[in-house]
Amino acid sequence: MNRRLAIRDLTLALGGLVSIPSWASNGWNANSLSISSSFFKTAEQNILEVIVETIIPESSTKGAKSLGVPAFLQKMLQDCYEAPVSENIKNGLSATDATAQKQFGKPFEGCNTQQKQQILLGFEKSEDTRLKEFYSLIKNLTILGYTTSEYVQTEFLHYNMAPGHYYGCVSVKK
Amino acid sequence: MANLAIDIKKQNTYDAIVIGSGISGGWAAKELCEKGLKTIVLERGRDIKHIADYPTAMKNPWDFEHRGQVPLDVRSQYPKGRAAFLREETLPFALKDGIQPFVEEKPFTWTRGYHVGGKSLMWARQTQRWSDLDFEGPKRDVFAVDWPIRYADIAPWYSHVEKFAGISGNKDGLQELPDGEFLTPIELNCVEQHLKKVLIKEYDSKRHVIQGRCAHVTDPQPIHLKQGRATCQHRNLCNRGCPYGGYFSSNASTLPWAAKTGNMTLRPFSTVHSIIFDEKLNKASGVRVVDTNTKEMIEYYAKIIFVNGSALNSNLILLNSISARFPNGLGNDSGLLGKFIAWHNYRGKISAEYEGFLDKITDGKNPSNGYVPRFRNLHSQETDFLRGYAAGVGAGRGSYSSREGIGEDLKNSLLFPKLNNHWHVSSWMMGECVPIEKNHVRLHETLKDPFGIPQLVTSAEWTDNDVKMVKDYMEQFTEMFTKAGFRNIKAVDGKSNPGSDIHEMGGVRMGHDPKTSLLNQWNALHLCKNVFVTDGACMTSTGTQNPSLTYMALTARAANYAVGEMKKKNL
Ligand SMILES: Cc1cc2nc3c(=O)[nH]c(=O)nc-3n(C[C@H](O)[C@H](O)[C@H](O)COP(=O)(O)OP(=O)(O)OC[C@H]3O[C@@H](n4cnc5c(N)ncnc54)[C@H](O)[C@@H]3O)c2cc1C
Ligand code: SF4
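For the structure given in this document, a descriptive report is provided here. None of these values were measured; they are calculated from a predicted model.

## A closer look at the overall build of chain B
Broken down by element type, chain B carries 13 helices and 26 strands. By principal-axis analysis of the C-alpha atoms, chain B measures approximately 80 × 55 × 50 Å. Within chain B, the fraction of its 571 residues that count as buried is 62%.

Here's what the structure looks like:
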């Protein structure tokens, strides 16, 4: 159910008994993600964006980048993780470029899709726990940001805030 | 000056004082105000207005900046041990660090909700009645003391509170879990029904799976519409506050009702320090309150006082109410105040999978869950431990998407989750803890909280009886699940702390005799008859049922008794 419908149903359900509180009528637009510009350098932001898009790319369905997942990652890394973790992320971002240079003689951004995937999958299996943790956190946050986006929730995952019923035993739709 | 003092005294005088605005305090307020008593409700936390103060209630997953995770700088304001449970969704109701430190002489988990509505905004809304098999427990099995009441005393009050609160459930016809005034039941799903059938067959109709009775208005009656509450929308986002009033909370139900009478004064930010005992009148005359904003001490006066701070706080307030007549706490000649603390044993958990009904699925959300009423030692002693346990039980189908790989494949598995090729089944025990004297709370001799109130010391631990019960639960449920054809059965003893169940009880128990109990059959202190304790503190034993419905019924019963006594000029 989208917000407008949810609010409409709320109004109906309450039969006009209670006035709609301020949180329901204001502040319903997309989050204004406040990210302090100093947290990631522009170069770091660019690599992060390319990594996120490599993990979940745009095709006939939307990818992570066009759903704003890179900004979400920055927000999360800035606000929710201790300094050693975000330090490791910064290190990982430069290691990504360094690996691309070493393996393919160009920056990560300049690699083709297959090369980029190869680098990241390499991190996943790496003996270097710091690289492994770097990729694992980026990947998990990317999946979290992507799967909880409005687009994925409403168009694919049948998100419905207020189903209004519970049936305990229905046939699976083929 | 003298006149001014008299004026203030007059200004601060009410017919009744209610301490706490949670589940039980809300009921006290409603009943007393409806009967015409000018009532002040003193609540230590901030105000939370129904709907207006549920800021996360209508948020979608993507509306949360951190998708539920709490940022570090916010997290650091909360106690370390609880940090793992903090979520952006429920943060408005979480208790910050340092507000009320206490001393765990032995590990004890004490979950509190300090705001108007108390834990009624946070609870899981399960509402099961007690039966005489519970009230007669201490007498039959010789522990604690005999309850001064029986089911017949409380049954009409269960009906009274159920009709108003709105309880959904089936009439199951079980002696051990009496039926009540139920709204349309929520159905059990295929696997839960399957388990129900198996148990009836395999255990000679002595073990049952029912839908847990729960405080959700599935079909609102005129009394609920009058409260401004609407049909539960099956959102299962109840712990953010429900804008529909779909479930019972003080905020949605009892408090606005009390306010509408014009007789209620609600004073948030008011931490009750102690009860004032008047030696001449030989009864309580009022309470001392610390204003949590100004730290100023203020007195309020009334003819009757309802103590509803939640079980351990009610103990704390009475222990801290010291006078020449009661040097050990109000009404505590027996020395039993704070003793016989008990709770529910939630240690045992079990999970399993079932590969039947693979062509079936559930649709919508169930805000309740399946429930297995107590079947151990019901009519006679059968096991090597006293009493027994009930259990929650639930099954769900769930879906799965692989997080393996990268790129288009990963994306497609995330966008198109696959139905699990099994149902998952889980259960959690709710065992009766037998109260013992050694398990107690007391005041710390020197440590104080930020408001100058002594810190509470909790000293409670598991007994052999509890440990045997966990083992039996794990064995019996493994057997029952096996008989139902479930697989991959995993039973664990989580060894959680006492109190993790959030059903702490006792310390101010009811009983016949002032020598062996604190409260009489009307929840009044034997030795200070205008003070009523009707939250979990009054519980002589714990039963296996989620306790709040019983607190509601005892509160309504005591409030109506108190009003009657006031009319007869007995109080
Ligand atoms: C997650 C969760 C799930 C639960 N599930 C269930 C369930 O399914 N079924 C069930 O029956 N129970 C359940 N419970 C327990 C239930 O919430 C409590 O039993 C119930 O709220 C107790 O009611 P009360 O009035 O005693 O206390 P509360 O509801 O806790 O209210 C006490 C109030 O008193 C205030 N207060 C405390 N001290 C003072 C003071 N000194 N001065 C002034 N005010 C004070 C507090 O701020 C609070 O508002 C659950 C609890 C939680 C947290
Ligand atoms: S399940 Fe019902 S009560 Fe809970 S939030 Fe939803 S509508 Fe409200």
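## A look at helix α2 (residues 23-34) of chain B
All names here are of chain B. The terminal C-alpha atoms of α2 lie 17 Å apart, and with 12 residues this matches the ideal 16 Å at 1.5 Å per residue to within 8%. Within α2, 11 of the 12 residues are buried, which leaves it mostly tucked inside the rest of the structure. The set of residues buried in α2 consists of Ile23, Ser24, Gly25, Gly26, Trp27, Ala28, Ala29, Lys30, Glu31, Leu32 and Cys33.

## Description of the pairing of strand β11 (residues 304-307) of chain B
Residue and element names in this part refer to chain B. Neither face of β11 is exposed, since Ile304 and Phe306 on one face and Ile305 and Val307 on the opposite face are all buried. In the sheet, β11 pairs with strand β26 (residues 528-533) via three bridges, with the strands oriented parallel. Bridging across to β26, Ile305 finds its partner in Val531.

## Overview of the site of ligand 1
All names here are of chain B. Taken together, 36 residues form the shell around ligand 1, and within it Ser24, Glu43, Ala124, Val272 and Ser548 come nearest. Measuring from an oxygen atom of ligand 1, one finds a backbone N or O atom of Gln126 at 2.9 Å. When ligand 1 sits alone it has 990 Å² of accessible area, and the protein chains cover 93% of it. Looking at the shell around ligand 1, the elements that each hand over two or more residues are α2, β8 (270-278), α10 (311-319) and α13 (548-567).

## What about the nonpolar core?
Residue and element names in this part refer to chain B. Ile275 and Val287 are the most contacted members of the largest nonpolar core, which totals 95 residues. Among the elements that make up this core, the one with the highest residue count is helix α6 (residues 151-165) (seven residues). What Val287 contacts, discounting residues up to four positions off in sequence, is Ile17, Ile19, Leu42, Val272, Ser274, Ile275, Ile276, Ile298, Glu299, Tyr300 and Ile305.

## Overview of empty space enclosed by the protein
Residues and elements named next belong to chain B. Using the criterion set out here, one finds two cavities of 30 Å³ or more in the structure. There is about 80 Å³ of room inside the largest cavity. Residue lining of the largest cavity: 13 residues in total, with Cys232, Arg235, Asn236, Cys238 and Cys242 positioned closest to the centre. Split by residue class, the lining of the largest cavity holds seven nonpolar, five polar and one charged. For the second largest cavity, the full set of lining residues is Ser131, Leu133, Asp134, Glu176, Leu177, Tyr371, Pro373, Arg374, Leu378, Ala390, Thr544 and Gln545. Tallied by class, residues from the lining of the second largest cavity come to six nonpolar, three polar and three charged.

## Regarding the site of ligand 2
Residues and elements named next belong to chain B. Near ligand 2, the surroundings consist of 13 residues, among which Cys232, Gln233, Arg235, Cys238 and Cys242 are the closest. Judged by the proximity of its atoms to the pocket grid, ligand 2 belongs to the largest cavity. By residue class, the composition of the shell around ligand 2 is seven nonpolar, five polar and one charged.

Conventions we followed
- Residues numbered from 1 in each chain as written.
- Chains lettered and ligands numbered in written order.
- Predicted model: local features only at pLDDT ≥ 70, side-chain atom pairs only at ≥ 80, totals over all residues.
- Heavy atoms only, no water.
- Helix = DSSP H or I, 4+ residues; strand = E, 2+ residues; numbered from the N terminus.
- Buried < 20%, exposed > 50% of the residue type's maximum accessible area, 1.4 Å probe, protein only.
- Expected span 1.5 Å × (residues − 1).
- Pairing = 2+ DSSP bridges.
- Near = heavy atom within 4 Å.
- Polar contact = N/O pair within 3.5 Å; in protein donor to acceptor, adjacent residues only side chain to side chain.
- Areas by Shrake-Rupley, 256 points an atom, 1.4 Å probe, with all protein chains shown as cover.
- Core = buried A, V, L, I, M, F, W, Y, C linked by side-chain atoms within 4.5 Å.
- Contact = heavy atoms within 4.5 Å.
- 1 Å grid on protein atoms, 1.4 Å probe; cavity = no way out; pocket = protein on both sides within 12 Å on 5 of 7 lines; lining within 4 Å.
- Points joined across faces, edges and corners; volume = space filled by probe spheres on them.
- Nonpolar A, V, L, I, M, F, W, Y, C, P; charged D, E, K, R; others polar.
- Sits in = over half its atoms within 2 Å of the grid points.

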